[in-house]
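Residues per chain, in single letters:
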Amino acid sequence: MPEHSYFNRPAGSKEVKVWERPINNIYNVTYCSLDDLAGKCIEVTAVHVCRSGAWTPPWLDEEFCRFVDALGLAYEVVKCPERKWDPDHISFSDVIDYLMA
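Since this is a predicted model, take the numbers as computed values, not measurements.

Caption draft 1: Structural view of the packing of aromatic side chains. In total, this model carries two aromatic pairs according to the counting rule given. Ring centres 5.3 Å apart and planes at 50 degrees place the aromatic pair Trp59 and Trp85 in the tilted group. Residue Trp59 is located in the loop between β2 (28-31) and α2 (61-70), and its partner Trp85 is located in the loop between α2 and α3 (92-100); the two are separated by 26 residues in the primary sequence. Relative accessible area serves as the criterion here: at 27%, Trp85 is assigned to the partly exposed category. The interplanar angle of 45 degrees and the centroid separation of 6.5 Å between the aromatic rings of Phe64 and Phe67 together place this pair among those described as tilted. Taken as a pair, Phe64 and Phe67 lie in helix α2 at a separation of three residues, close to a single helical turn. Its relative accessible area of 21% is what places Phe64 among the partly exposed residues. We classify Phe67 as partly exposed; its relative accessible area is 45%.

Quick look at the structure:
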């Protein structure tokens, strides 16, 4: 079974969330904190950076893009629609759509 390390939890949280269970069935998952990396050299083969429409307001999209570009790494954008935030010329329907995209 392939190994997979996951870093996205509050320190000390070991509770497996319902959305994590499918990946746990495919991979040997280790849930780590940054403290677990102290003094270790690990090989990182991929980094997943996510911009969630429901959690990130569209007026911060440019900042998010600058953050990703500043990493200086090659990347692929997957299912991340561009949101043009113009509150003076946007319908209420588009506001709702942008907040969920």
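Caption draft 2: Local environment of the pattern of salt bridges. The tally for this structure, following the rule as stated, stands at four salt bridges. The shortest N-O distance in the salt bridge between Asp61 and Arg51 comes to 3.7 Å. Taken as a pair, Asp61 in helix α2 and Arg51 in the loop between β2 and α2 lie far apart in primary sequence, ten residues in all. On the accessibility criterion, Arg51 (9% relative accessible area) is buried. Across the pair Asp61 and Arg83 runs a salt bridge, and its minimum N-O distance is 2.6 Å.

Reading guide: rules and limits
Residues numbered from 1 in each chain as written. Predicted model: local features only at pLDDT ≥ 70, side-chain atom pairs only at ≥ 80, totals over all residues. Heavy atoms only, no water. Phe/Tyr/Trp six-rings, centres within 6.5 Å; stacked < 30°, edge-to-face > 60°. Helix = DSSP H or I, 4+ residues; strand = E, 2+ residues; numbered from the N terminus. Buried < 20%, exposed > 50% of the residue type's maximum accessible area, 1.4 Å probe, protein only. Salt bridge = Lys/Arg side-chain N within 4 Å of Asp/Glu carboxyl O.

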